[in-house]
Amino acid sequence: MSRQEILEELKTVLAPYTMDKQVLSNMTDDTEFIRDLKINSANLIDIIIDAEDKYDIEIDADSAEKIHNAGSCIDVIMDKMKEKI
Amino acid sequence: MTSTGNDIVALQLINTERTLKKSFYSKILCSEEIALYTQINLPGLSFENYVWLLWSVKESVYKFCKRHNPRLRFSPTRIKIQEVSFPVTQQDAGVNTTQEGFSFLKEDAYCCQVSFNAKTYYGRSFINDELIFSVVNNENDFQDIYWGIQHIQDDRYVTQAKAVRSLALDKLRKIVSSNNLLIAKTTTGYPEVVQNPHIKLSFAHHGKFVAYSLRLN
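All values reported here derive from a predicted model rather than from experimental measurement.

1. Considerations on the nonpolar core
Here is step 1 of the chain: Counting 56 residues, the largest nonpolar core has B:Val61, B:Ala211 and B:Tyr212 as its most contacted members.
Here is step 2 of the chain: Among the elements that take part in this core, helix α4 (residues 47–66) of chain B stands out by supplying 11 residues, more than any other.
Here is step 3 of the chain: Dropping the residues within four chain positions of it, B:Ala211 is found in contact with B:Asn6, B:Ile8, B:Phe133, B:Trp147, B:Gly148, B:Ile149, B:Val164 and B:Ala204.
Here is step 4 of the chain: Counting 21 residues, the second largest nonpolar core, distinct from the first, contains A:Ile6, A:Ile39, A:Ile48 and A:Cys73.

2. Re the sheet that holds strand β3 (residues 98–102) of chain B
Residues and elements named next belong to chain B.
Here is step 1 of the chain: Strand order in the open sheet formed by 6 strands is β3-β7-β11-β10-β9-β8, with antiparallel pairing between adjacent strands. Two strands close off the open sheet at either side, each with one partner strand: β3 and β8 (183–185). The mean angle between the axes of side-by-side strands here comes to 25°, regardless of whether they run parallel or antiparallel.
Here is step 2 of the chain: Across 5 bridges, β3 lies against strand β7 (residues 145–151) in antiparallel orientation. If you follow Gly-101 over to β7, its bridge partner there is Trp-147.
Here is step 3 of the chain: Together, β3, β7, β8, β9 (191–193), β10 (196–206) and β11 (209–215) form the strand contacts of helix α5 (residues 157–175), whose direction differs from that of β11 by roughly 35°.

3. Comments concerning the packing of helix α1 (residues 3–14) of chain A against helix α3 (residues 44–55) of chain A
How two helices sit against one another is set out by the angle between their axes and by the gap between those axes.
Residue and element names in this part refer to chain A.
Here is step 1 of the chain: Contact geometry of α1 with α3 gives a least axis separation of 10 Å together with a crossing angle of 130°. The angle between the axes of α1 and α3 places the two elements in the oblique class. For the crossing formed where α1 meets α3, the hand is right-handed. Contacts from Glu-9, Val-13 and Leu-14 of α1 reach α3 at Ile-47, Asp-50, Ala-51 and Lys-54.
Here is step 2 of the chain: Classifying every residue of the contact of α1 with α3 gives 4 nonpolar, no polar and 3 charged.

4. So, the packing of α1(A) against helix α5 (residues 70–84) of chain A
All names here are of chain A.
Here is step 1 of the chain: The geometry of α1 relative to α5 is characterised by a closest axis approach of 10 Å and an angle of 115° between their N-to-C directions. By the angle between their axes, α1 is roughly perpendicular relative to α5. Like other packed secondary-structure pairs, α1 and α5 cross with a definite hand, here right-handed. Of α5, the residues touching α1 (which contributes Arg-3, Ile-6, Leu-7 and Leu-10) are Ala-70, Cys-73, Ile-74, Ile-77 and Met-78.

5. With respect to the interface of chain A and chain B
Here is step 1 of the chain: In this assembly, 12 residues from chain A lie in contact with 12 residues from chain B.
Here is step 2 of the chain: Elements with a minimum of two residues in the side of chain A that touches chain B: α3 and α4 (61–64) of chain A.
Here is step 3 of the chain: Here the element with the most residues in the side of chain A that touches chain B is α3(A); it accounts for 3 residues.
Here is step 4 of the chain: Taken together, the residues that form the side of chain A that touches chain B break down as 7 nonpolar, 3 polar and 2 charged.

About the criteria used
- Residues numbered from 1 in each chain as written.
- Chains lettered and ligands numbered in written order.
- Predicted model: local features only at pLDDT ≥ 70, side-chain atom pairs only at ≥ 80, totals over all residues.
- Core = buried A, V, L, I, M, F, W, Y, C linked by C-beta atoms within 7 Å.
- Buried ≥ 20, exposed ≤ 12 C-beta atoms within 10 Å, placed from the backbone.
- Helix = DSSP H or I, 4+ residues; strand = E, 2+ residues; numbered from the N terminus.
- Contact = placed C-beta atoms within 7 Å.
- Pairing = 2+ DSSP bridges.
- Axes fitted to C-alpha atoms, helices over the stretch in contact; angles between N-to-C directions.
- Parallel < 35°, antiparallel > 145°, perpendicular 65-115°, else oblique.
- Left-handed = near helix turned anticlockwise from the far one by under 90°.
- Nonpolar A, V, L, I, M, F, W, Y, C, P; charged D, E, K, R; others polar.

Here you go:
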């Protein structure tokens, strides 16, 4: 699965947690979850759980700590998917 | 290190079923904190509210520290709650408009002692039917801390941001002898009073609730 494919799927994962649909539809690797998408910090765990369910992976605390924008989230998802192989 | 950190959780927005799943709460609580819930037997505090109480204290500690360390990332299980005590006095049933306070008395609050990066922090929180609100300090003394909570009609980010600034400015005008007070964000994204940067502010919002804490030196 390519970065671009995960980026597109990530938009669906993030959609319930942001009201800023315009920023979401134009999301790039550099889009920050809190600063740009205005996602409340209380939803960050929801996003990690949703990503775990979608890709059948487990995101540990060390990896979760790295997630702050779309790019870092995709990096973690790709790393965890590789670990499964 | 002078600072303040606060957080608010609108309980109506919490997914209780999800909160009670181990896969969820174990990303917020470490094993010692999970055990602490059964050891201390906090009267009337459900496990889901315990999870979000600890979340709000940890988020407040993170905000307190990030002001001084902009590269810090939030990792809830690394911030360890070591003690929790419950309030002696009865809490209000709800917050319909605005509630403000000063010095956060121990007997009115859930009190937490927190360890993070070899330092100790102290949290004072209250919980009612609608929200959990926490303020954190690096001293077990909240005498120079003011706080406020407001229920707003609109949960859009722009409205939340405007409302919390307005609420904090109203308070500052009453306690600081300076005209034309302005609040601006520092380069690291933390609010402070332009005319007096020694006054540290922390803002929080969730759903239709906004909150501030501020510390006077």
